[in-house]
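Here's the letter readout for the chains.
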Amino acid sequence: MIMTPKIVARIAAIGFLGVLLQLSFFSRVELFHVSPDVLPALVVCLALLGGSLTGAVAGFAIGLFVDSLLVEALGIASLVLLGTGYLAGLFRERFGIHSSLVPALLCMGLTLVAELGFAAIQLLLGVDAPISLLIVRDMLLKSVYAFFLGWPIYLLVRRVLRSALVEEPRVQRRRQPTVLGA
Amino acid sequence: MLALLIVGSFVLLSATYGQDSRGFQRGVSSIFSPVQSVADRALKPARDLVGWFDQTFDARGENSRLESELVIAREQAVAGQEALHENAQLRKLLDLDRSPVLAASAYDEVTGRVIARSPTQWRSSVTIDVGDGDGVRVDDPVISGDGLVGRISSVGPGSSQVMLITDHASAITAKVVPVGVQGVIKPEVGNPEDLILDFIDSTTEVHGGQTVVTAGWCAQGLCSLFPPGLPLGEVTKASIVEQEANEQVDVRPFADLRNLDLVQVLTGGSRG
């Protein structure tokens, strides 16, 4: 991805809108008693388009912004999301995106990783109450939602950042061989 | 760069975890709270649509249960009317209206709208669109039409954070009425529909269906943050084994914490 001030501003706008949508919409709706969490998926999409460094920086910034808006201790969401972004970027740099299912599957897998990471940090910091097994259902369903939301988020982010992408995969139709004169 | 970000995260975490003064976060939250408020209103139709689908699934199994509950509630309402009449007469006689026992009446109510919610169950909090300009202070109790919701954990100029009763750091002294058994209401992380009334006196039996309210204790100049008598929930599971072995029962909160929209902050009360 070619980083220009304009592209950085676009990424910042995407992050801002993503956080706003998460806190005002996705966190406040429930399907089967679980709210979707689109922020890991958003970071994964940014990392898949921009690479590991872009993913890590975007994850850190988005996490910082979320914690600031919720007036929580800073650093937890940043740490989790920067790890998520870095892993997604690393995947893209090592393996590339060979199938249209890859972004959705990565969003699902890395959302689960992010949820587990968040849980691990929270447990390390101490939880003063018993923990229900339903938290596992919460994590799994969030991952499933990320699968379905990941693909439209990826398409949307790719469209917004299209001008900066240097390796836009192009699907070329093979022309059928023609017989001379036909 | 990556190492710098990781170190930065740990530094931020170390510097801000467990600190009450979160000036930076409060500043950022205050700057963006008008935007969040607009986004909240703009997205409400979409939220309602998704909520409708979710509630339709839930409502299928609830009809028969609610019908049986309605019969019991009618009987209780008749008994309640009589008790209210009697209570009014007794109150007049004893002049309890000015007594500090009725601390709840000393509160002013400030209505706020929920504009944001934490995305994770590990931290159960919401942001509301009223702040210290409206008289809201840290530790003020927050209620909805159904019962206690939580308390104010942080206040900014135009917005406040509410720590819900389902947050892992929440603990509220409560009692079961009418038996009077007291305990501490604690959440079960990951299950917002279940609270635990812990440290109860196992010699008095608690039954399912009994109501749990805030205890509102006051001792040696220290008072509970919550006035007495605020409805908290209903005892759902109260097996003898659990009561005797663990000294706890399960409670379902009255307030629908998953679909909070409007809440009231009880400001200006007597706090310890």
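Source: prediction; values computed, not measured.

1. Some details on the overall build of chain A
Here's step 1: On a plain count of helices and strands, chain A comes out with six helices and zero strands.
Here's step 2: Walking chain A from its N terminus toward its C terminus, one meets helices and strands in the order α-α-α-α-α-α.
Here's step 3: Once the C-alpha set of chain A is aligned to its principal axes, its extents read approximately 80 × 35 × 30 Å.
Here's step 4: Counting over 182 residues, chain A shows a buried share of 52%.
Here's step 5: Within chain A, residue pairs in contact and separated by at least 24 positions form 74% of the contacts whose partners lie at least 6 positions apart.

2. Describing the overall build of chain B
Here's step 1: Helix and strand counts for chain B stand at four helices and 14 strands.
Here's step 2: A total of 272 residues make up chain B; the buried ones form 38% of that total.
Here's step 3: The contacts of chain B with a sequence gap of at least 6 include a subset with a gap of at least 24, amounting to 60%.

3. Considerations on the confidence of the model for chain B
Residues and elements named next belong to chain B.
Here's step 1: When pLDDT is averaged across chain B, the result is 81; 89% of the residues are at 70 or more.
Here's step 2: Per-element confidence in chain B ranges from a low mean pLDDT of 70 for helix α3 (residues 63-94) to a high of 93 for strand β5 (residues 160-164).
Here's step 3: Long-range and interchain partners of residues 96-102, a stretch whose pLDDT sits below 50, account for six contacts in this model, where long-range means more than four residues apart.
Here's step 4: Scored as a whole, the predicted complex attains pTM 0.78, and scored at its interfaces, ipTM 0.76.

4. Details of unusual backbone geometry
With the exception of glycine, the majority of residues adopt a negative phi angle, and the majority of peptide bonds are in the trans configuration.
Here's step 1: Cis geometry is found at the peptide bond from Val177(B) to Pro178(B), where omega equals 10°.
Here's step 2: Relative to the assigned elements, Pro178(B) resides in the loop between β6 (172-177) and β7 (182-187).

5. Structural notes on the sheet that holds β5(B)
Residues and elements named next belong to chain B.
Here's step 1: The strand order around the closed barrel built from six strands is β1-β2-β5-β4-β3-β14, with neighbouring strands paired in antiparallel fashion. This sheet shows a mean twist of 45° between the axes of neighbouring strands, independent of strand direction.
Here's step 2: The sheet contact formed by strand β3 (residues 141-143) and strand β4 (residues 148-155) spans three bridges and is antiparallel. By the bridge assignment, isoleucine 143 is partnered in β4 with leucine 148.

6. Points about helix α5 (residues 102-125) of chain A
Residues and elements named next belong to chain A.
Here's step 1: With 24 residues, α5 extends 34 Å between its outermost C-alpha atoms, agreeing within 8% with the 34 Å of an ideal straight helix rising 1.5 Å per residue.
Here's step 2: Looking only at α5, the buried set comprises Pro103, Ala104, Leu106, Cys107, Met108, Leu110, Thr111, Ala114, Glu115, Phe118 and Ala119.
Here's step 3: Glycine 126 sits one or two positions beyond α5 and adopts a positive phi of about 105°.

7. Things to note about the pairing of strand β13 (residues 249-253) of chain B
All names here are of chain B.
Here's step 1: With four of its five residues buried, β13 lies for the most part within the structure.
Here's step 2: When strand β8 (residues 195-198) meets β13, the two strands line up antiparallel, connected through three bridges. Across the sheet, the residue bridging to leucine 197 is valine 249, located in β13.

8. Focus: the interface of chain B and chain A
Here's step 1: Across the boundary between the two partners, chain B contributes 50 residues, which contact 44 residues of chain A.
Here's step 2: Every element with two or more residues in the side of chain B that touches chain A is listed here: α1 (2-16), α2 (23-59), β1 (108-117), β2 (125-128) and β7 of chain B.
Here's step 3: The leading source of residues in the side of chain B that touches chain A is α2(B), at 16 residues.
Here's step 4: In terms of residue class, the side of chain B that touches chain A is made up of 23 nonpolar, 16 polar and 11 charged.

9. Things to note about the sheet that holds β8(B)
Here's step 1: Pairing in this closed barrel of six strands is antiparallel, and the strands run β6-β7-β8-β13-β12-β9 (chain B) around the ring. With strand direction ignored, the average angle separating the axes of adjacent strands in the sheet is 45°.

10. A few points about the environment of Ser170(B)
Here's step 1: By the secondary structure assignment, Ser170(B) is in the loop between β5 and β6.
Here's step 2: On the basis of neighbour counts, which here come to 21 C-beta atoms within 10 Å, the residue Ser170(B) falls in the buried class.

11. A few points about the packing of helix α2 (residues 39-50) of chain A against α5(A)
Residues and elements named next belong to chain A.
Here's step 1: The N-to-C vectors of α2 and α5 enclose an angle of 130°; their axes lie 9 Å apart at closest approach. Considering the angle they form, α2 stands oblique to α5. The crossing of α2 and α5 is right-handed. Contacts from Pro40, Ala41, Val44, Cys45 and Leu48 in α2 reach Pro103, Leu106, Cys107, Leu110, Thr111 and Ala114 in α5.
Here's step 2: Its residues assigned to classes, the contact of α2 with α5 comprises 10 nonpolar, one polar and no charged.

12. Looking at the environment of Asn246(B)
Here's step 1: Within the element layout of this structure, Asn246(B) appears in the loop between α4 (240-245) and β13.
Here's step 2: As a C-alpha pair, Asn246(B) and Val11(B) span 235 residues in sequence and 40 Å in three-dimensional space.

13. Some details on the nonpolar core
Here's step 1: Counting residues in each nonpolar core, the largest one holds 107 residues, and the members touching the most others are Val44(A), Cys45(A) and Val149(B).
Here's step 2: If near-sequence neighbours (up to four positions away) are discounted, Val44(A) is found in contact with Thr84(A), Ala88(A), Leu106(A), Cys107(A), Leu110(A) and Gly150(A).

14. Regarding the pairing of β5(B)
All names here are of chain B.
Here's step 1: Taking burial as the measure, the five residues of β5 include five buried ones, the bulk of the element.
Here's step 2: Side chains Ser160, Val162 and Leu164 project from β5 onto one buried face, and the interleaved Gln161 and Met163 project onto a second face that is buried too.
Here's step 3: Bridge count for β2 against β5 is four bridges, and the pairing is antiparallel. For threonine 127, the partnering residue across the bridge sits in β5 and is glutamine 161.

15. With respect to the packing of helix α3 (residues 52-69) of chain A against helix α4 (residues 76-95) of chain A
Residue and element names in this part refer to chain A.
Here's step 1: Between α3 and α4, the least distance of the axes is 7 Å, while the angle of their chain directions is 160°. One way to sum up the angle between α3 and α4 is to call them roughly antiparallel. In the crossing of α3 with α4, the sense of the turn from one axis to the other is right-handed.
Here's step 2: Among the residues making up the contact of α3 with α4, the classes are represented as 15 nonpolar, nine polar and two charged.

16. Let's talk about α4(A)
All names here are of chain A.
Here's step 1: Helix length check: α4 (20 residues) gives 29 Å between terminal C-alpha atoms against 28 Å at 1.5 Å per residue, within 8%.
Here's step 2: Counting buried residues along α4, 16 of its 20 residues qualify, which places the element largely inside the surrounding structure.
Here's step 3: Glycine 96 sits one or two positions beyond α4 and adopts a positive phi of about 75°.

The rules behind these values
- Residues numbered from 1 in each chain as written.
- Chains lettered and ligands numbered in written order.
- Predicted model: local features only at pLDDT ≥ 70, side-chain atom pairs only at ≥ 80, totals over all residues.
- Helix = DSSP H or I, 4+ residues; strand = E, 2+ residues; numbered from the N terminus.
- Buried ≥ 20, exposed ≤ 12 C-beta atoms within 10 Å, placed from the backbone.
- Contact = placed C-beta atoms within 7 Å.
- pLDDT = per-residue confidence, 0-100.
- Pairing = 2+ DSSP bridges.
- Axes fitted to C-alpha atoms, helices over the stretch in contact; angles between N-to-C directions.
- Expected span 1.5 Å × (residues − 1).
- Nonpolar A, V, L, I, M, F, W, Y, C, P; charged D, E, K, R; others polar.
- Parallel < 35°, antiparallel > 145°, perpendicular 65-115°, else oblique.
- Left-handed = near helix turned anticlockwise from the far one by under 90°.
- Core = buried A, V, L, I, M, F, W, Y, C linked by C-beta atoms within 7 Å.

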